[in-house]
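For reference, the chains in residue letters:
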Amino acid sequence: MKKKLIFSLLFFITIYSINLFSEETVNLALWAHPPDIGKDLNSVKEFVSKCKKANVNLIILLVKDTSGKIYWHSKKFKEAIAPGWEEFDIVEEVIKESHKNGIKVHGWFCNFTESVDSYIYLKHPEWAMVNPSGTHSDSEKLGEGRSYGIVWMCPNRKPGYAYQWLLPMMEEILTLYEIDGIHHDYVRYPGDVAPDTYCFCDYCLDDFFRYNHFVYDVYPDLILKPDPVLPRIEANWHLEYTAKPSNWKDLNRKEKAKYILKGSFLPEANPDLNYFFYEYRSDVITRFVRESTLALKKIKPDVEISAAVFKNPMQSGRFIGQRWIDFAPWVDIMMPMCYRSHFQGSFENHIEMLGEYAEYEKKWAENLTKMYIGIATTYLYKEEYEPLNSIIYSSESIMKGLDVDKNCEMLRNEYSEKLEIRLKKFPDYHEKISDIIDKLLISKDLAVRKFYAENLTSILIKLRNDPPPGYFPGEKLERILFMLKDKKVEGIVIFAAGSLNREKLWQTLEKSVSK
């Protein structure tokens, strides 16, 4: 009798523990690009099956990419449909197959970006953001003179891109499909090129003063100078004053932008007009999120709204107008991109820093929205990717005959110091690559060097794009997932399905969530 009682008690404790753990299971979401899923029903079924095994309960399916191309069978925006996706309706099939498996689907919009040849940009170039020089973001350059290529569209102008193109797209997909949610990405101003220089289009330059009520509509030409009643000039901020200069109409765009970014609200006081500029941009983004949420919920009251945002709302508010704690009440699930690429230091540093950020994210989102921490698997594998990319770069330079001796030395050092020890776990690759590098370094003939560099480049690109299982150690992903579980986050969202395919991490993900 006593043994039966003990056994029953142990059985009850075990069952209770299992139930308790299941109640605390972290929600798992996954960003997915259509090309990484496929263009037929079998591919969709295989993809959703992988998600189901890995306990993914939310798929964030790309429906509008950064170039402005869309992936659904639109009736109103046919000109924007991505070439090659006119026949197979991937949105419909992913939704149907996911719902069969108890998985939700959000439509992922890259909000304010287009390409230089997109239909809507060519039709309405005046809807694009403008810098102080009067040009659009595609004129910007990245490192080494690379063209930026992305055209950022003004989120503020009315009528304009946000409310006459983007929001109607969201409304259409919500009407056509049984989709569970709308996902905002690129819901901000550009941050990778000149964060302080957008947007200075004609609409924003005038609206900046109207929005902050630095002018009077009833007295448009009225100029009120500060009345220094109090000795400290800034202490007179509350006394009526119009901050728009009297010669505003005579200034060119560069001069107007300089006044807003470098000028002072009160003459001879601190240069603080840029404070109002940064707040203004954040309010523009917040207004779009709020107004789009209200419009979408009129169509489908239970639609979920999610958003990919940068990890620190204070910093992103200043640099890209994305102070997401302001628009959190209109977002059901906030997904801060806490990618390793947004941190400095080693992998061990990243685990500790990410853990601390997870705590901060929860505090910032408390009582406002749900919080899913975003991780990108590719960036976790910095130590595995960097030597490959570095050697490929040197090898390609040798193929072009550029600084051949210097690139041979760099290649040799990178291989011996970082890559060779890793390749020893994969004998076929180790033997083949070592042999080619030896021959490349021994030869002094340029044509021979170019020949072996071409072979080396080909093998390394194949290794990078289709590595043997285990080349990207699953332990890194597991440690990140377990750490976030220990932090009791509400959810984790992974970027992206294509990375899991390339890095052979689906089984690791499946194993991790089952523990």
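Calculation rules
The residue count restarts for each chain, going from 1 along the sequence in the order it is written. Under the rules for a predicted model, residues below a pLDDT of 70 receive no local features and side-chain atom pairs below 80 are neither given nor counted, while totals for whole chains, interfaces and linings still include all residues. Heavy atoms from the whole structure form the basis of all side-chain values; hydrogens and water molecules are not counted. Secondary structure is summarised from DSSP: a helix means a run of H or I of at least four residues, a strand means a run of E of at least two, and numbering begins at the N terminus for each. Type-normalised accessible area, obtained with a 1.4 Å probe on protein chains alone, sets the label of each residue: buried when under 20%, exposed when over 50%, and partly exposed for intermediate values. Throughout, a residue-residue contact means that at least one pair of heavy atoms, one from each residue, lies within 4.5 Å. Positive: Lys, Arg. Negative: Asp, Glu. His and the chain ends are not part of the count. Here the site of a charge means NZ on Lys, CZ on Arg, CG on Asp, or CD on Glu. Any two rings among Phe, Tyr and Trp, with Trp reduced to its six-membered ring, count as a pair given centres within 6.5 Å; such a pair is stacked if its planes are under 30 degrees apart, edge-to-face if over 60, and tilted if neither. In this analysis the charged atom, NZ for Lys or CZ for Arg, is taken to sit over a ring once it is within 6 Å of the ring centre and within 35 degrees of the ring normal. Grid points spaced at 1 Å over the protein atoms alone were grouped into cavities, where a 1.4 Å probe fits but cannot get out, and pockets, open sets with protein on both sides within 12 Å along at least five of seven lines, with lining residues defined by an atom within 4 Å of a point. Grid points are joined across faces, edges and corners, and a volume is the space filled by probe spheres set on the points. Note on definitions: salt bridges are taken to be side-chain nitrogens of Lys or Arg within 4 Å of carboxyl oxygens of Asp or Glu. Strands pair, by our definition, only if DSSP identifies at least two bridges between them. A crossover gets the label right-handed when its path from the first strand over the helix to the second runs clockwise, viewed with the strands pointing away from the viewer. Here, patches come from residues exposed beyond 30% relative accessible area and free of salt bridges, joined within 9 Å for like charges and within 5 Å for nonpolar side chains (Val, Leu, Ile, Met, Phe, Trp, Tyr). All accessibility values rest on the Shrake-Rupley procedure with a 1.4 Å probe; residue burial counts only the protein chains present in the view. Each axis is a line fitted through C-alpha atoms, and for a helix only the stretch in contact is used; angles between axes span 0 to 180 degrees, taken between their N-to-C directions. Any angle that is under 35 degrees is reported as roughly parallel, and any over 145 degrees as roughly antiparallel; angles of 65 to 115 degrees are reported as roughly perpendicular and all others as oblique. Under this grouping Gly is polar, as are all residues other than the nonpolar Ala, Val, Leu, Ile, Met, Phe, Trp, Tyr, Cys and Pro and the charged Asp, Glu, Lys and Arg. Residue-level confidence of the predictor, termed pLDDT, takes values from 0 up to 100.

(A) Broad picture of the overall build of the protein chain. Regarding its fold elements, the protein chain presents 19 helices and 10 strands. Seen through its principal axes, the protein chain has C-alpha atoms that stretch 85 × 80 × 55 Å. Looking at the protein chain as a whole, 51% of its 515 residues are labelled buried. Of the contacts made within the protein chain by residues no fewer than 6 positions apart, 77% connect residues no fewer than 24 positions apart. In the protein chain, 69 positive and 74 negative side-chain charges are present, and the distance between their average locations comes to 3 Å.

(B) Looking closely at unusual backbone geometry. The amide bond that connects Lys 158 to the next residue, Pro 159, takes the cis arrangement and shows omega of -10 degrees. Inspection of the secondary structure puts Pro 159 in the loop between β5 (150-152) and α5 (161-176). With an omega dihedral of 0 degrees, the bond running from Phe 495 to Ala 496 counts as a cis peptide bond. Relative to the helices and strands, Ala 496 resides in the loop between β10 (491-495) and α18 (497-502).

(C) Quick peek at the packing of aromatic side chains. Inspection of the entire model under this criterion finds 37 aromatic pairs. Between Phe 208 and Phe 214, the ring centres sit 6.0 Å apart and the planes meet at 75 degrees, which makes this aromatic pair edge-to-face. Like Phe 208, the residue Phe 214 is buried in the burial classification. Ring pairs connect the aromatic residues Phe 208, Phe 209, Tyr 211, Phe 214, Tyr 241, Trp 248, Tyr 259, Phe 265, Tyr 275, Phe 276 and Tyr 280, which therefore count as one cluster. Its guanidinium or amino end placed over the ring of Trp 85, Lys 39 lies 4.9 Å from that ring's centre, counting from NZ or CZ. Over the ring of Tyr 163 we find Lys 158; its NZ or CZ atom is 4.5 Å from the centre of that ring.

(D) Structural detail: the layout of surface pockets. Each pocket or cavity is described by its volume, and for the largest pocket that value is around 700 Å³. Forming the boundary of the largest pocket are 31 residues, of which Asp 185, Tyr 186, Tyr 339, Tyr 379 and Phe 495 lie nearest the centre. Those elements giving two or more residues to the lining of the largest pocket turn out to be β3 (104-110), β7 (304-310), α12 (377-380) and α18. For the lining of the largest pocket, the leading source of residues is α18, giving 3 residues.

(E) Expanded view of the environment of Ile 480. With respect to the element layout, Ile 480 can be found in helix α17 (residues 474-486). According to the relative accessible area criterion, Ile 480 is buried, its value standing at 0%. Ile 480 sits 128 residues away from Glu 352 along the chain, and the two C-alpha atoms are 9.8 Å apart. Sequence-distant contacts of Ile 480, defined by excluding residues within four places in its chain, comprise Phe 347, His 350, Ile 351, Leu 354, Ile 375 and Leu 380.

(F) Main features of the pattern of salt bridges. Considering all chains together, one arrives at 24 salt bridges under this definition. Between Lys 476 and Glu 383 there is a salt bridge, and its shortest N-O distance comes to 2.7 Å. Here Lys 476, found in helix α17, pairs with Glu 383, found in helix α13 (residues 382-399); they are 93 residues apart in sequence, far enough to count as distant. Its relative accessible area of 30% is what places Glu 383 among the partly exposed residues. Of the charged contacts in the structure, one is a salt bridge between Glu 503 and Arg 502, with a shortest N-O distance of 3.3 Å. Residue classification places Arg 502 among the partly exposed residues on the basis of a relative accessible area of 25%. Beyond isolated ion pairs, a larger network of salt bridges with shared partners links Arg 340, Glu 383, Glu 384, Arg 422 and Lys 476.

(G) Focus on the side chain of Thr 286. Of note, Thr 286 is situated in helix α8 (residues 273-299). For Thr 286, the contacting residues outside a window of four places in its chain are Arg 323, Asp 326 and Phe 327.

(H) The arrangement of the pairing of strand β9 (residues 370-376) in detail. In terms of residue burial, β9 counts as a mostly covered element, since 6 of its 7 residues are buried. Where strand β8 (residues 333-337) meets β9, 3 bridges bridge the pair, whose relative direction is parallel. For Met 334, the partnering residue across the bridge sits in β9 and is Met 371. One crossover worth recording links β8 to the parallel β9 by way of helix α11 (residues 347-365), and it is right-handed. Of the strand pairs in this sheet, β9 and β10 are connected by 5 bridges, and their pairing is parallel. Note that in β10 the partner of Tyr 372 across the bridge is Gly 491.

(I) A nonpolar patch on the surface, seen in detail. On the surface, a nonpolar cluster with roughly 310 Å² of combined accessible area is contributed by Val 218, Tyr 219 and Leu 222. Turning to its location among the elements, Val 218 is positioned in the loop between α6 (202-211) and α7 (253-262).

(J) Looking closely at the sheet that holds strand β1 (residues 27-32). The parallel closed barrel is built from 8 strands, whose spatial order is β1-β2-β3-β6-β7-β8-β9-β10. Direction aside, neighbouring strands of the sheet carry axes that sit 25 degrees apart on average. As paired elements, β7 and β8 share 5 bridges and run parallel to each other. Looking at β8, one finds that Ala 307 is bridged to Met 334. In the packing of helix α3 (residues 90-100) onto the sheet, contacts are made with β2 (58-64) and β3, and the angle to β2 comes to roughly 170 degrees. Sitting on the sheet, α11 is in contact with β8 and β9, with an inclination near 150 degrees to β9.

(K) Focus on α3. Along α3, the positions that sit buried rather than exposed are Ile 90, Val 91, Glu 93, Val 94, Ile 95, Glu 97 and Ser 98. Among the structural elements, α2 (41-53), β2, β3 and α5 are those in contact with the buried residues of α3. Once α3 ends, the next one or two residues include Gly 102, with phi positive near 70 degrees.

(L) Focus on the packing of α6 against α8. The geometry of α6 relative to α8 is characterised by a closest axis approach of 11 Å and an angle of 95 degrees between their N-to-C directions. Relative to α8, α6 is oriented roughly perpendicular. Judged by residue contacts, Cys 204, Asp 207, Phe 208 and Tyr 211 of α6 engage Leu 273, Phe 276, Phe 277, Tyr 280, Asp 283 and Arg 287 from α8. Of the residues that constitute the contact of α6 with α8, the class distribution is 7 nonpolar, no polar and 3 charged.

(M) Structural context of the confidence of the model for the protein chain. Per-residue confidence for the protein chain averages 93 on the pLDDT scale, and 95% of its residues sit at or above 70. Below a pLDDT of 50 lies the segment residues 1-23, which in the model reaches 1 contact outside its immediate sequence neighbourhood of four places, other chains included.

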